[in-house]
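The lines below spell out each chain.
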Amino acid sequence: MRILQVSDIHFGPPAVAAHHEAVSARIASGRYDAIAIAGDLTQRNFRGQFVEAQAFVRRAREAAPTIVVPGNHDVAWWWNVCGIGLRWAMYRGYRRYIADELEPVLKLDACTIVGLNSCHGIQSYTLTSRLRDLSVVGAVTTEQWMHARAVLKNTPQGALRILMLHHNIVPGDLSHRWGLADRGLGLDEAIDAGADLVMCGHDHQGKVAEIERHGRRIIVSQTSTISDRMRGGTPASFHEIEIAPREIKVNVFEWEASSRDYRLHAERGFAR
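Notes on the structure in this doc start here. These figures come from a predicted structure and were not determined experimentally.

### Some details on unusual backbone geometry
- Positive phi, normally seen in glycine, also occurs at R183, with a value near 55 degrees.
- Tracing the backbone through its elements, the reader meets R183 in the loop between strand 8 (160–164) and helix 6 (184–192).
- The phi angle at H202 is positive, at roughly 80 degrees, despite the residue not being glycine.
- On the secondary structure map, H202 appears in the loop between strand 9 (197–200) and strand 10 (207–213).
- With relative accessibility at 15%, the residue H202 sits in the buried group.

Structure follows, in structure tokens:
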């Protein structure tokens with residue numbers, strides 16, 4: 001089984017048409033058994049950006065089973081600050097153009113993917129002393145982790161248990177920033193929920209890691225962006241995840257300007 005994992009598309013000013021066209025061509029090729037989009041489809045939550053994102057997601061759904069979660073750029077956080085305001089309005093654009101469900105579940109023969117909405121805007125549990133991060137930092141509540149644990153617990157034997165959220169659950173190599181307000185606790189919760197693999201984005205630098213904590217091992221597949229907002233001059237990229245009975249392989253595809261396409265850059269294999 002092969003999954004395309006992409007995030008931080010950022011339709012709007014950072015969008016690069018050639019990048020999107022190359023990814024769309026791969027989606028249309030029938031290469032993938034599932035498509036996972038880990039948030040930040042828009043740059044500024046504008047209607048026109050959502051319309052472009054809607055078309056992208058529609059093409060993905062026509063090609064393969066698709067799961068999508070919102071990113072912090074897709075959430076109108078100003079509608080509800082610290083519980084004051086209209087919480088439903090935060091997700092109005094996303095629900096209208098992308099998906100009504102903020103935490104979808106995709107069950108396939110080879111895996112179960114549980115989507116978590118880590119984008120809550122500015123709430124008491126996301127507050128940070130870094131002012132520029134006030135609407136950026138993510139969170140997953142106790143109730144959300146309980147939901148993920150319950151779904152993954154019922155995954156058929158032999159199927160891979162996957163969590164997908166927008167925010168990175170490990171610190172970025174260049175930014176050194178955790179995506180979630182509770183920092184490393186999010187990684188502990190993902191492991192405790194029973195996940196074998198976590199798919200995320202947000203940091204705009206790709207990363208593939210195998211982490212052992214509390215006697216359990218988890219694989220993190222963190223995609224970069226396909227916009228022009230790459231961190232540290234790294235190329236735009238996405239990941240392919242291949243699931244076999246005895247191995248999980250994460251293939252990193254990076255943009256190559258000379259060919260105007262994505263090329264395989266690195267392969268990481270992990271025993272199951």
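That shown, we press on.
### Overview of the pattern of salt bridges
- The final tally for this structure, using the stated rule, is 16 salt bridges.
- Linking D196 and R216 is a salt bridge whose minimum nitrogen-to-oxygen distance equals 3.7 Å. Pair noted here: D196 is in the loop between helix 6 and strand 9 and R216 is in strand 11 (residues 216–222), with a separation of 20 residues, a long-range link.
- The exposure class assigned to D196 is buried, which follows from its relative accessible area of 17%.
- Judged by relative accessible area, which is 25%, R216 ranks as partly exposed.
- Measuring nitrogen to oxygen at the nearest pair gives 3.8 Å for the salt bridge that ties E267 to K249. One end of the pair, E267, is in strand 14 (residues 261–271); the other, K249, is in strand 13 (residues 247–256), with 18 residues separating them in the sequence.
- Each of the salt bridges in this network shares a partner with another, and the network as a whole consists of R2, R26, R31, E240 and E242.

What counts as what
- Position numbers for residues start from 1 in each chain and track the written sequence from start to end.
- Local features in this predicted model are restricted to residues of pLDDT 70 or higher, and side-chain atom pairs are both shown and tallied only at a pLDDT of 80 or more, whereas totals for entire chains, interfaces and linings draw on every residue.
- With hydrogens and water excluded, all non-hydrogen atoms of the structure serve as input to the side-chain values.
- Runs of E in the DSSP output that reach at least two residues are strands. Runs of H or I that reach at least four are helices, and both are numbered from the N terminus.
- Throughout this description, buried means an accessible area under 20% of the type-specific maximum (1.4 Å probe, protein chains only), exposed means over 50%, and partly exposed covers the range between.
- One speaks of a salt bridge when a side-chain nitrogen belonging to Lys or Arg is within 4 Å of a carboxyl oxygen belonging to Asp or Glu.

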